[in-house]
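Fold and contact review
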Amino acid sequence: MTTYSITLIPGDGIGPEVTQATRRVLEATAVKFHWEVASVGSKAEEMFGTPLPDYVLDLIKKNKVALKGPVTTPVGSGFRSVNVALRQNLGLYASLRPCKTYPGIASPYKDIDLVIIRENLEDLYCGIEFEVRAAETLRLIELVKDLKGKEVREDSGISLKVISREGSARILRFAFEYARQNRRKKVTAVHKANILKFSDGLFLATAKQIAKDYPKVEFEDMIVDNLVMQLVKKPQQYDVLVAPNLYGDIISDLCAGLVGGLGVAPGVHLGDEVAIFEAVHGSAPKYAGQNKVNPMAMMLSGVMMLRHLGEKQSATNLEKAIIEVIREGKNLTYDLKPGAPKDQIATTSQVADAVIEKLKK
Ligand code: NAD
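Summary of the structure given here.

The rules behind each value
Residues numbered from 1 in each chain as written. Predicted model: local features only at pLDDT ≥ 70, side-chain atom pairs only at ≥ 80, totals over all residues. Heavy atoms only, no water. Helix = DSSP H or I, 4+ residues; strand = E, 2+ residues; numbered from the N terminus. Expected span 1.5 Å × (residues − 1). Buried < 20%, exposed > 50% of the residue type's maximum accessible area, 1.4 Å probe, protein only. Arc of directions from axis to C-beta. Contact = heavy atoms within 4.5 Å. Pairing = 2+ DSSP bridges. Right-handed = clockwise from strand over helix to strand, strands pointing away. Polar contact = N/O pair within 3.5 Å; in protein donor to acceptor, adjacent residues only side chain to side chain. Core = buried A, V, L, I, M, F, W, Y, C linked by side-chain atoms within 4.5 Å. Domains from an automatic or database assignment. Axes fitted to C-alpha atoms, helices over the stretch in contact; angles between N-to-C directions.

What follows is about helix H5 (residues 135-148). With 14 residues, H5 extends 20 Å from end C-alpha to end C-alpha; this agrees with the ideal 20 Å at 1.5 Å per step. Within H5 the residues assigned to the buried category are Thr137, Leu140 and Ile141. Here the buried residues of H5 occupy an arc of 100 degrees about the axis, which is enough to place them on one side. Summarising the geometry of H5, the exposed residues directed more than 90 degrees from the buried face are Ala135, Arg139 and Asp146. Check the buried side of H5 and you find it contacts strand E6 (129-130) and strand E7 (158-159). Phi for Gly149, located one or two positions after H5, is positive at around 65 degrees.

On any regular strand, side chains alternate: one points to one face of the sheet, the next to the other face. Most of strand E1 (residues 3-9) sits out of view: five of its seven residues are buried. Pairing of E1 with strand E2 (residues 32-37), which is carried by six bridges, proceeds in the parallel orientation. Along E2, the bridge assignment pairs Ser5 with His34. Between the parallel elements E1 and E2, the chain passes through helix H1 (residues 15-27) in a crossover that is right-handed. Summarising the sheet, E1 and strand E3 (residues 65-68) pair through three bridges and their orientation is parallel. Each residue of the ladder has a partner; that of Leu8, found in E3, is Leu67.

With that settled, consider the environment of Glu220. Note on placement: Glu220 falls in strand E9 (residues 218-223). With 129 residues separating them in the primary sequence, Glu220 and Ser349 have C-alpha atoms 43 Å apart. Here Glu220 is in contact with Lys186, Val187, Thr188, Ala189 and Tyr238, once residues within four sequence places are set aside. Polar side-chain contacts of Glu220 include one of 2.8 Å to the side chain of Thr188.

What follows concerns the nonpolar core. Counting residues in each nonpolar core, the largest one holds 90 residues, and the members touching the most others are Phe33, Ile117, Ile251 and Met305. By residue number, the principal contributor to this core is helix H10 (residues 296-308), which donates nine residues. Counting the residues that make up this core, at least three belong to each of domain 1 (1-105 + 264-361) and domain 2 (108-114 + 163-258). Setting aside anything within four residues of it in sequence, one finds Phe33 in contact with Thr3, Tyr4, Ile6, Leu26, Met305, Leu306 and Leu309. One finds Ile9, Ile60, Ala66 and Phe79 within the second-largest nonpolar core, a separate group that totals 17 residues.

This part is about the sheet that holds E1. Ordered in space as E2-E1-E3-E12-E11-E4-E5-E10-E8-E9, the ten strands form an open sheet in which the pairing is mixed. Each having just a single partner strand, E2 and E9 make up the two edges of the open sheet. Shown here is a sheet whose adjacent strand axes are inclined to one another by a mean of 25 degrees, direction ignored. Relative to strand E12 (residues 275-277), strand E11 (residues 268-270) runs antiparallel, the two being bridged by three bridges. Along E12, the bridge assignment pairs Val268 with Phe277. Sheet strands in contact with helix H9 (residues 245-258) are strand E4 (94-100), strand E5 (113-119), strand E8 (186-191) and strand E10 (240-243), and its direction is about 155 degrees off that of E5.

Structural data, given as structure tokens:
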């Protein structure tokens, strides 16, 4: 039997709790794992002087698959996002986030089954930023005046939105291939090309071109503001949504909200070589160490990891066990039981216990 070597990044905040719960349920499947644990973020900065040590990147490249908890990004100052740096360094250009309603979850919506495919490397996340009043910023402002005849206020901070034809083609082809291979019917490309003619406009033009190679998959495009309104009104009409980085990020959290919240929203970041499985949610620092938050988003990311490894039966068994725990409603964390008395709310580790019990049956 194969033993899979997986890089395990517990992360910080609630990360260690949700990854521990997920590790336990994965170990309760028929699959064997060898975990290689790695630190990133502020802990790594203390130990190694950098929030993303090279050894972590090497370990991920060696194992090709990682399971990762969330990592806090200091706001405004401090190190740049480790999450963004991981994606950039490892060429993880696609983020895949399924959103499904499971019976038993309190949500005004039923029968949602959509997938968000987010471009991960370009757009406003490309990391090219100009700080207010820095010399380079003032030079850029001058250049804009020269080239475009436009006045930019001198007290401006500037972040570049960069969208390339190649980057767009890669994520769009990924989305259509995903639709084809998973028998999805429709791909919706999300953009704001009416205003951002040269960045989102290029994304849209590329989408229209690539759609021609997939005549069996229905294609439509939607302006992002209209899309979010339609998603709230009738999310069931969407199947695969493909979007540039920032819209993809925001839509992911919106869709998580439609199906019960961040506690049940899993995901993966994919490149040609490497896959990092992680929940959509962040490190929720206010709940850290309380054994309180929902580990299911991380566990469902674990289900995706099992499928990726080719362990389809174990993936199905684990997903069914999670679905059964949700349907039963006895062992759910606070987020899935709004208004329930404290003694009826499960802890993170109790959810793991309940899922493991189901796996044994
Ligand atoms: P967050 O996702 O951490 O938390 C938002 C809210 O969602 C929480 O207050 C909580 O109410 C709820 N929530 C999140 N996860 C939950 C869970 N498993 N169970 C139940 N409820 C849950 O978002 P934030 O507060 O904006 O970000 C906190 C930190 O996480 C920031 O530093 C941010 O940069 C980072 N972050 C990291 C990642 C990542 O590592 N991939 C992703 C998003 C945010």
